Amino acid sequence: MSEKNHPSYHENDHAEKQNGIYCSLVNLVTFIAVCVILIVTVGLITGLISHRIIVKSTPISSTVRHTTPTMIPTTLTGPKYSQLSNPRLPNTVRPLNYTFQLDFDMNQFKINGINVIEINVTSTTNIILVHADGLTMLAAPQVANHANFNTNSTNFAVADHGTYAKNSYYYVVLRENLAIGVYYIKFNYVAAISSGLFGLYKYQYTRAFDHEVIWGIASQLEASYARQVLPCFDEPALKARFTATIIIPNNYTTRWNMPLLKKEAMANNKNRYQFGTTLVMSTYLLAFTVDNFDFVEGRTARNTRIRVYARESVKNDTYFALGVATNMTEFFENLLAIPYPLPKQDHVAIPAFSFTGMENWGLCLYREQFIIYNYYLTTLTFKRAIATTITNEIAHMWFGNLVTMTFWNHLWTKEGMATFLSSYAANTYLPSMKLMEFFTVDELRNGLVVDSSASHPLVPPAQYGPFFDVITYSKGGSIFRMIHNYVGNDDFVASLKHYLTKFSYKTAITEQLFAVMTTTINKFNVSNYFDCWVYQMGYPLVTVTRDSSNTNGGIVNQARYLSNTNANPSVDNPTSPYKSTCGYKWNIPITYVTSNNPTTTMKANFYKNTSNLQISWPNNTWIKANIDQIGFYRVNYDLSNWDALATALQIDHSVLSNLDIASLLDDAFQFAANDMVDYMAPLNLTKYLSKEIDFLPWHMANKHLDTIGGRLTGSSYYQDYIQYHLQILKPAVDTLGVIDIGTDIEKEARSEVLKSACTLGNTACIVNTSRMFYAYMQDPIRNKIPGSLREVAFRTGIEYGSVQEWDFVYNIYRTTLIPTERSSAFYAMSFPRDPYIINRYLQFATDPTKIDPSNTMTVFVFLTFNPVGRDLVWEYVRQNTGYFMNRFKSTRPIVNIASRRLNSQFRLNQVKQFFKDHPESGPNAAASEAQTIAAINANIKYLNKYGKTFSTWFKQNIKMD
Ligand SMILES: [Zn+2]
């Protein structure tokens, strides 16, 4: 499934770090699930987010009920049968075929299910365990040697059956042992249709033409929710075939993984849908939809039917998705030489969906924003996310669906692979989007940030996880990108073909993938070289310095990179359950160029058992290592080399690729913030930007300069920052203009530059984008704003406008039925400069009739990024303690959000006083208070330590005309 491809507004990329967890602002809006899971994991702002999304990592035992009289409650001393205590199913019974019928009750939102499982008993046993969570059995399960359970079959007497909630098991104990052989077990049950976003769940949306509220049903069964729909062997390795009959009221239609065979009317205003039998597959890939959607249809070259389904009013915005899905299916068929094995492939835009997309075999489901594309309403960030999300799900048709990970701790073999392959593949269809460059922005950088703090190995021990997180997806994808580059495209692709062929309709673990690669790639052992990247967490900091004994040489060193520079990087963190298998050393593919020959990439292997690596580095030249940031590591140099690089860029920045320039900026700013290099190093690098008009370097520079701006807000140094940033932006604003022309990547560059320039006060930017905004305000039909400029135009309209402009955008937020339009409006609403509007917005955010309560927290977070809003948010929280206490039962999380960007002693004293005046004793209160105070202290310290340096440097580099 996908939960990444972060659409990122650039202020939003001020990643906020708390306890080593990064949640960018946009994460809080569109990826709240990801952050929520991370936050809940460490017990931070639990309770704040439960209204938005239901997060269940383990089945909730209280929902498991049954009505059978034979059940005996499990005792505190342990389960009734020893097999129940093992969280993994015994290997005595394997599923072969499921034949089930689900009868939907759309009034009471429940299903009546009958499920017959053909099982293979592989060693004699009298106990059958299946997964079942929240299912109410209507009768005792039956076991027989024939699927009909009639008089011709031998029925086996059931001695006991019941629920063992702890492991979501349903156990069926027989009076006598079953000999090795094939049997059938039948369950008759009722299951509730959930109100959350997991399992089989209901959602509602407003129909465009008559504003009727319409119900629909969708499913999300990964990782372990199939057991909420039917009793099953709910582990990925226990693959089987499935045959479904679905009965629904005749005013709805339904879809399933396989094509419809027969639809027949029933007496009670219901229709019965009989679907074809699946291929051998895992339970988590089953999918169900019940709705009234319409579709567009295409065919691949091999005549596979591809459809994109959506509610009627956005149906015309599904053609981009159809193009991506069709082309990408053909791409993978050609690349892998294995045809897509199903007769159909449906993609459905679901109005309420937990992740961005889910690769159910034959029936992919998406959150609407990640599949619906409209030139005027969709930002380029979302366009990119749509392309990579759909491609990600299609890559899973092979990686995940055809070959599945044996257990969840090897999740990265499908998710990391799909993350890498989605950019790799979609880049061929949409070359002007430069998706392989964006990979470093959307994936690699996030991986580097998270993996240097709270992390876990890509393959954790089986008792941990599954982790649907940045490590599995972004780091996982980056490691596959690194392997791909190291072994070469041909060998990499050949390995994948062998892997898919060898394990089709089966499962594999990382070792098996690497073994196939090793066999395919002659004379290179993939495991030996790359294992430490997979089985230990973290990544190396590579340092390149001049060899004191050789003026034409350099010395390369490695040590684990930790964002907390006080921690010892070479030992295990005592609070982490993960122990390193490699002593935090890695085999590192080193690549570099020197100014002697900047077009020829030099390569060397830095092996983990060697203390350092000597390389050739001609005297009086600069060096740049980790070419195109292919390696999953950071590189530091001595100050003279940083300076030489900065000078080289000012002379001719085409000497390095955009990827290289962006990685230099990112590494240098990271190191400076950690006191590993002087701030001169990154700041000098930014000087050349007055000649830059490309997206990637600007994106990285703006991200880091905005962070500095945020730190300086409210201080006397703030104006110096603004003047310098405006100065380097001006030539790019003048060159790129505000007309929506050029390729997608050129449009992204324009949007990136304008967003910073307008907010910092560039006159041309403000005049031109305001004009666009006011024309739109006057006549939104005739003066539409292209998606690529929509956010900057809305934001400028709000920043430099009055109540009238804010209300106009707020009205769009309130009334639009299009999620992307709503999120652009919601984004812009956070940037008024008038304190009156900000205070009114804060009141709106706590009034459920004005702002959807699920957005309350996001409003507060967004407003802290508004230089005027920051103090007002804190004041509002301070003065409305009762409201927050009443709603969230604790003020600590909101205080943390509202105050953690404050940077003055005056505010710190206020926060401390607040904690005194409103004592709390909840489980996380003390920790939250300490964290909040530490954050403000760190801001004050930062300002004291660097403020003057920044100011002096900016002043020296501001040109007076
Ligand atoms: Zn995925």
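None of the values given here were measured: they were computed from a predicted structure.

Basis of the calculations
- Residues numbered from 1 in each chain as written.
- Predicted model: local features only at pLDDT ≥ 70, side-chain atom pairs only at ≥ 80, totals over all residues.
- Heavy atoms only, no water.
- Helix = DSSP H or I, 4+ residues; strand = E, 2+ residues; numbered from the N terminus.
- Rg over C-alpha atoms; globule rule 2.2 N^0.38 Å.
- Buried < 20%, exposed > 50% of the residue type's maximum accessible area, 1.4 Å probe, protein only.
- Phe/Tyr/Trp six-rings, centres within 6.5 Å; stacked < 30°, edge-to-face > 60°.
- Pairing = 2+ DSSP bridges.
- Axes fitted to C-alpha atoms, helices over the stretch in contact; angles between N-to-C directions.
- Disulfide = S-S within 2.5 Å.
- Parallel < 35°, antiparallel > 145°, perpendicular 65-115°, else oblique.
- Left-handed = near helix turned anticlockwise from the far one by under 90°.
- Contact = heavy atoms within 4.5 Å.
- Nonpolar A, V, L, I, M, F, W, Y, C, P; charged D, E, K, R; others polar.
- Core = buried A, V, L, I, M, F, W, Y, C linked by side-chain atoms within 4.5 Å.
- Salt bridge = Lys/Arg side-chain N within 4 Å of Asp/Glu carboxyl O.
- Polar contact = N/O pair within 3.5 Å; in protein donor to acceptor, adjacent residues only side chain to side chain.
- pLDDT = per-residue confidence, 0-100.
- Expected span 1.5 Å × (residues − 1).
- Arc of directions from axis to C-beta.

(A) Just the overall build of the protein, in detail. The helix and strand tally for the protein stands at 27 helices and 32 strands. By the compact-globule yardstick of 30 Å for 961 residues, the protein fits well, its C-alpha radius of gyration being 29 Å. On the principal axes, the C-alpha backbone points of the protein span a range of 100 × 65 × 60 Å. For the protein, with 961 residues in total, the buried portion stands at 63%.

(B) Quick peek at the packing of aromatic side chains. Across all of its chains, the model carries 78 aromatic pairs by this definition. For the ring pair Y284 and W408, a centre distance of 5.1 Å and an interplane angle of 65° mean the geometry is edge-to-face. In this pair, Y284 is assigned in the loop between strand 17 (270-275) and strand 18 (289-291) and W408 in the loop between strand 24 (403-405) and helix 5 (412-429), connecting sequence segments 124 residues apart. Of the two residues examined, Y284 and W408, each falls in the buried class. A centroid spacing of 6.0 Å and a plane angle of 25° characterise the contact between Y718 and Y721, whose relative ring orientation is stacked. Remark: Y721 and Y718 occur in helix 15 (residues 718-736); sequence separation between them is three residues, near one turn of the helix. Grouping aromatic residues by their ring pairs yields a cluster made of Y679, Y718, Y721, Y724, Y942, Y946, F950, W953 and F954.

(C) Quick peek at the sheet that holds strand 28 (residues 588-594). As summarised here, the arrangement of the three strands in space is 29-28-31, forming an open sheet in which the pairing is antiparallel. A single partner strand is all that each edge strand has here, and the edge strands are strand 29 (602-606) and strand 31 (623-625). Geometrically, the sheet is characterised by an average inter-axis angle of 30° between neighbouring strands, direction not taken into account. As paired elements, strand 28 and strand 29 share five bridges and run antiparallel to each other. If you follow P589 over to strand 29, its bridge partner there is N605.

(D) Spatial organisation of the state of the cysteines. According to the stated counting rule, one finds two disulfides in the structure shown. Residue pairing for C532: its cysteine sulfur links by disulfide to C582, the two sulfurs lying 2.0 Å apart. Residues C532 and C582 are joined through a disulfide that is left-handed, its torsion about the S-S bond being -90°. Of the two residues, C532 sits in helix 10 (residues 526-535) while C582 sits in the loop between strand 27 (553-560) and strand 28, which places them 50 residues apart along the sequence. There is no split in this pair, since C532 and C582 are both buried. Shown here is the disulfide that connects C758 with C765, its sulfur atoms set 2.0 Å apart. Classification of the bridge connecting C758 and C765 rests on its S-S torsion, roughly -95°, and on that basis the disulfide is left-handed. Assessed through its relative accessible area of 1%, C758 is described here as buried.

(E) Structural view of unusual backbone geometry. Of note, the bond from E222 into A223 is cis; its omega dihedral lies within 30 degrees of zero at 0°. Here A223 shows up in the loop between strand 13 (213-220) and strand 14 (241-249). You will see that Y584, though not glycine, has its phi angle at about 55°, which is positive. Structurally, the position occupied by Y584 is in the loop between strand 27 and strand 28. The class of Y584 is buried, set by a relative accessible area of 3%. At D675, a residue that is not glycine, the phi angle is positive and equals roughly 60°. Note on placement: D675 falls in the loop between helix 12 (658-673) and helix 13 (680-686).

(F) Structural context of the packing of helix 6 (residues 435-451) against helix 7 (residues 470-487). It is the contact of helix 6 with helix 7, at a shortest axis distance of 8 Å, that shows an interaxial angle of 120°. Comparing their axes, helix 7 and helix 6 come out oblique. Crossing hand, helix 6 versus helix 7: left-handed. On the side of helix 6, the interface is formed by M436, F439, T440, D442, E443, L444, N446, G447, V450 and D451, while helix 7 contributes V470, I471, S474, K475, G477, S478 and R481. Along the lines of polarity and charge, the residues of the contact of helix 6 with helix 7 split into six nonpolar, six polar and five charged.

(G) Spatial organisation of the nonpolar core. Residues I128 and W398 are the most contacted members of the largest nonpolar core, which totals 312 residues. Excluding its chain neighbours within four sequence positions, the residues that come into contact with I128 are V93, I119, V143, Y170, Y171, V172, L174, L178, I185 and F233.

(H) Structural context of the pairing of strand 10 (residues 169-178). In terms of residue burial, strand 10 counts as a mostly covered element, since seven of its ten residues are buried. Relative to strand 10, strand 5 (residues 125-131) runs antiparallel, the two sharing six bridges. Paired with L129 across the two strands is Y171, which belongs to strand 10. Sheet topology note: the strand 9 (residues 158-164)/strand 10 ladder contains six bridges and is antiparallel.

(I) Structural context of the pattern of salt bridges. Summed over all chains, the structure comprises 40 salt bridges. A salt bridge links D346 to K344; its shortest N-O distance comes to 2.7 Å. When its relative accessible area of 1% is taken as the criterion, D346 is described as buried. Residue K344 is classed as buried on the basis of its relative accessible area, which comes to 3%. With a closest N to O distance of 2.5 Å, E415 and K414 form a salt bridge.

(J) Summary view of the side chain of T796. Inspection of the secondary structure puts T796 in helix 18 (residues 787-799). Note on T796: relative accessible area 1%, which makes it buried. Within polar-contact distance, the side chain of T796 engages the backbone oxygen of V792 at 2.8 Å. Residues within four places of T796 in sequence aside, it is in contact with C758, I766, T769, S770 and G801.

(K) Representation of the sheet that holds strand 32 (residues 634-637) in the model. Overall, mixed pairing links the four strands, which are arranged 30-27-26-32 in an open sheet. Each end of this open sheet is capped by a strand with a single partner; those strands are strand 30 (613-616) and strand 32. If you compare each strand with its neighbour and ignore which way they point, the axes differ by 30° on average. In this structure, strand 26 (residues 540-546) lies alongside strand 32, joined through four bridges in parallel fashion. Each residue of the ladder has a partner; that of V542, found in strand 32, is V635.

(L) Main features of the confidence of the model for the protein. In the predicted model, the protein carries a mean pLDDT of 91, and 92% of its residues have values of at least 70. The model gives residues 4-75 a pLDDT under 50, and that stretch makes 168 contacts with residues more than four places away or in other chains.

(M) A look at the side chain of D160. With respect to the helices and strands, D160 occurs in strand 9. With a relative accessible area of 6%, D160 lands in the buried category. A distance of 2.3 Å separates a polar atom in the side chain of D160 from a polar atom in the side chain of K80.

(N) View of the packing of helix 4 (residues 380-396) against helix 16 (residues 744-760). Between helix 4 and helix 16, whose axes approach to 10 Å, the crossing angle comes to 140°. Judged by the angle between their axes, helix 4 and helix 16 are oblique. The segment helix 4 lies against helix 16, with L380, T381, K383 and R384 engaging D744, K747 and E748. A class-by-class count of the residues in the contact of helix 4 with helix 16 yields one nonpolar, one polar and five charged.

(O) Quick look at helix 17 (residues 763-778). Under the 1.5 Å per step criterion, the end-to-end length of helix 17 is 22 Å for 16 residues, consistent within 8% with the ideal 22 Å. Those residues of helix 17 not exposed but buried are C765, I766, T769, S770, M772, F773, Y776 and M777. All buried residues of helix 17 lie within an arc of 160° about the axis, which places them on one face of the element. Helix 17 presents T763, R771 and Q778 as exposed residues on the side facing more than 90 degrees away from its buried surface. Packing partners of the buried residues in helix 17 comprise helix 15, helix 16, helix 18, helix 19 (803-815) and helix 20 (819-828).

(P) Just the environment of Q220, in detail. Mapped onto the secondary structure, Q220 falls in strand 13. A sequence separation of 155 residues divides Q220 from Y375, and the C-alpha atoms of the two residues are 29 Å apart. Beyond its immediate sequence surroundings of up to four residues, Q220 is in contact with M1, L197, F198, G199, Y201, Y225, F353, S354, F355 and M358. Of the polar contacts made by the side chain of Q220, one reaches the backbone oxygen of E222; its length is 3.0 Å.

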